Amino acid sequence: MPVSIEIQGVTKRFGEVSAVEDLTFTVRPGRVTGFLGPNGAGKTTTLRILLGLVTATAGSATFGGARYGDLPSPLGTVGAALEAASFHPGRSARDFLRVHAAGGGIDAGRVDVVLQMVGMTTYADRRVGGYSLGMRQRLGLAAALLGDPDVLVLDEPTNGLDPEGIRWTREFLRAFAGTGRTVLVSSHLLAEVQQMVDDVVVLANGRLVYSGTLEELASREQVTTRVRAADAAALAAALTAAGIGVRDGGGELLVDAMPETVGQVAFRAGQELHLLAPLGGGLEELFLRMTGGER
Ligand SMILES: Nc1ncnc2c1ncn2[C@@H]1O[C@H](COP(=O)(O)OP(=O)(O)OP(=O)(O)O)[C@@H](O)[C@H]1O
């Protein structure tokens, strides 16, 4: 059954620290969605709220309208792998999955199925302590798949993987979403997930900076201009008044228009420019600037 993820006005404060602030977005079934932002942006906190591990200060996070804790069959709806889990090094993958299945009331027959799905059958009886990071990631994925879920939520599944591991993950997740299921993968690097995602949700400092298709983001990159002005606020106001989108790009403005257009608006508004340049550098550059990161 197709299940969406709905994040509605989610805020989480840890004392004085606001980890996530008024976050709203939807993750659609049949697609792979990248959940992006630099370290500390609030991705893990959001995923933990979604899975009922942390209580939100405000807002709601649901799967097809139900909170994780209210799902009639949580493991059959959502499979999650949060960070490279700490598996007991002395156990084999098969043992680990058996225990996990038993704990979740899942038929032991699923263990072989998921081992096969992640291509781990040959290594299933070896001790996890000898596994590479890539194999551990696959074991985490296998555990998430035990309940045959409609939704997969994976925290940094490509972290530390070599290009072959990333390619394998990409193909697996694309095929999974291709069956009408929902995939949410977090990453702090757009480049790592760019080839596998249809949609992207971008966070910076706990706030949403973009939610939409990768295609739309890519088309934005084509017409984004970097601008520095003597009075950035006044220029931003003039651009906004002209119906042009303006974002803060960490010390400069990112403007959704060609340099010529920005130059005209600035000239008419009597604003002094110090930099007027096409963004260039591709999608990763746009991502870094949107999230206020350094190159
Ligand atoms: N339990 C906690 N107590 C206090 N502050 C926290 C707690 N958990 C997270 N934070 C803070 O909330 C902010 C967001 O953290 P979070 O781990 O969600 O970011 P992230 O985007 O997942 O980053 P990373 O990729 O490093 O995990 C950070 O400033 C972090 O220090």
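Residues numbered from 1 in each chain as written. Predicted model: local features only at pLDDT ≥ 70, side-chain atom pairs only at ≥ 80, totals over all residues.

- The chain is annotated in an unreviewed UniProt entry as ABC-2 type transport system ATP-binding protein of Salana multivorans.
- If you open the UniProt record of the chain and go to Sequence similarities (unreviewed entry), you find "Belongs to the ABC transporter superfamily." (UniProt positions renumbered as here; feature names shortened; annotations may be inferred.)

1. As for helix α11 (residues 282-290)
Then comes step 1: Within α11, the full set of buried residues consists of L286, F287, R289 and M290. With its buried residues spanning 165 degrees around the axis, α11 presents them on a single face.
Then comes step 2: Phi turns positive, to about 70 degrees, at G292, one or two residues after α11. (Buried ≥ 20, exposed ≤ 12 C-beta atoms within 10 Å, placed from the backbone. Helix = DSSP H or I, 4+ residues; strand = E, 2+ residues; numbered from the N terminus. Arc of directions from axis to C-beta.)

2. Quick word on the site of the ligand
Then comes step 1: Taken together, F14, V17, A19, G37, N39, G40, A41, G42, K43, T44, T45 and H188 make up all the residues around the ligand.
Then comes step 2: Secondary-structure elements contributing two or more residues to the shell around the ligand are β2 (17-27) and α1 (43-50).
Then comes step 3: For the shell around the ligand, the element with the highest residue contribution is α1, accounting for 3 residues.
Then comes step 4: For the shell around the ligand, the class distribution of residues is 4 nonpolar, 7 polar and 1 charged. (Near = placed C-beta within 6 Å. Nonpolar A, V, L, I, M, F, W, Y, C, P; charged D, E, K, R; others polar.)

3. With respect to the confidence of the model for the chain
Then comes step 1: The predicted model of the chain averages 91 in pLDDT, with 98% of residues at 70 or higher.
Then comes step 2: Here the predicted complex carries an ipTM of 0.92, next to a pTM of 0.84. (pLDDT = per-residue confidence, 0-100.)

4. What about the sheet that holds strand β9 (residues 207-213)?
Then comes step 1: Taken in spatial order, the 6 strands make up an open sheet running β5-β6-β7-β3-β8-β9, and their pairing is mixed. Either end of the sheet is taken by a strand with one partner, and the two such strands are β5 (78-81) and β9. Taken pair by pair, the neighbouring strands of this sheet meet at an average axis angle of 15 degrees, ignoring direction.
Then comes step 2: Lying over the sheet, helix α6 (residues 163-178) contacts β3 (32-36), β6 (151-154) and β7 (182-187), oriented at roughly 150 degrees with respect to β7. (Pairing = 2+ DSSP bridges. Axes fitted to C-alpha atoms, helices over the stretch in contact; angles between N-to-C directions. Contact = placed C-beta atoms within 7 Å.)

5. Here we look at unusual backbone geometry
Then comes step 1: One non-glycine residue with positive phi stands out, namely E156, at about 50 degrees.
Then comes step 2: By secondary structure assignment, the location of E156 is in the loop between β6 and α6.

6. Describing the pairing of β9
Then comes step 1: Bridge count for strand β8 (residues 199-204) against β9 is 6 bridges, and the pairing is antiparallel. Along β9, the bridge assignment pairs V201 with S211.
Then comes step 2: Following β8, the chain reverses through 2 residues before pairing antiparallel with β9; N205 in that reversal takes a positive phi of roughly 50 degrees.

7. Quick look at the nonpolar core
Then comes step 1: Counting 65 residues, the largest nonpolar core has L97, V114, L115, A142, V153, V185 and V202 as its most contacted members.
Then comes step 2: Per-element accounting of this core gives the leading share, 6 residues, to helix α5 (residues 133-145).
Then comes step 3: Beyond its immediate sequence surroundings of up to four residues, V153 is in contact with L47, L50, L51, V78, A80 and L184.
Then comes step 4: In this structure, V227, L235, L239 and V255 belong to the second largest nonpolar core, which totals 12 residues. (Core = buried A, V, L, I, M, F, W, Y, C linked by C-beta atoms within 7 Å.)

8. Quick look at the sheet that holds β2
Then comes step 1: Pairing within the open sheet is antiparallel, and its 3 strands lie in the order β2-β1-β4. The sheet terminates laterally at β2 and β4 (58-63), the two strands that pair on one side only. With strand direction ignored, the average angle separating the axes of adjacent strands in the sheet is 20 degrees.
Then comes step 2: Note that strand β1 (residues 5-14) and β4 share 5 bridges and pair antiparallel. Within β4, the position partnered with Q8 by the bridge is S60.
Then comes step 3: Packing of α1 onto the sheet brings it into contact with β1, β2 and β4, and relative to β1 it is tilted by some 115 degrees.

9. So, the domain arrangement of the chain
The accessible area lost on association of the parts is a frequent measure of interface size.
Then comes step 1: The domain architecture assigned to the chain consists of domain 1 (5-217) and domain 2 (225-279).
Then comes step 2: Each of domain 1 and domain 2 has a C-alpha centre, and these two points are 38 Å apart. (Domains from an automatic or database assignment.)

10. Side note on helix α4 (residues 110-117)
Then comes step 1: Residues of α4 that are buried: R110, V111, V114 and L115. For α4, the angular spread of buried residues about the axis comes to 135 degrees, placing them on one side.
Then comes step 2: Looking at the buried residues of α4, the elements they touch are α3 (93-103) and α5.
Then comes step 3: Immediately beyond the C-terminal end of α4, within one or two residues, lies G119, with a positive phi of roughly 70 degrees.

11. What to know about the environment of M120
Then comes step 1: By secondary structure assignment, the location of M120 is in the loop between α4 and α5.
Then comes step 2: Taking the number of C-beta atoms within 10 Å as the measure of exposure, M120 has 20 and is therefore buried.
Then comes step 3: For M120 and A142, which are 22 residues apart along the polypeptide, the C-alpha to C-alpha distance reads 8.9 Å.

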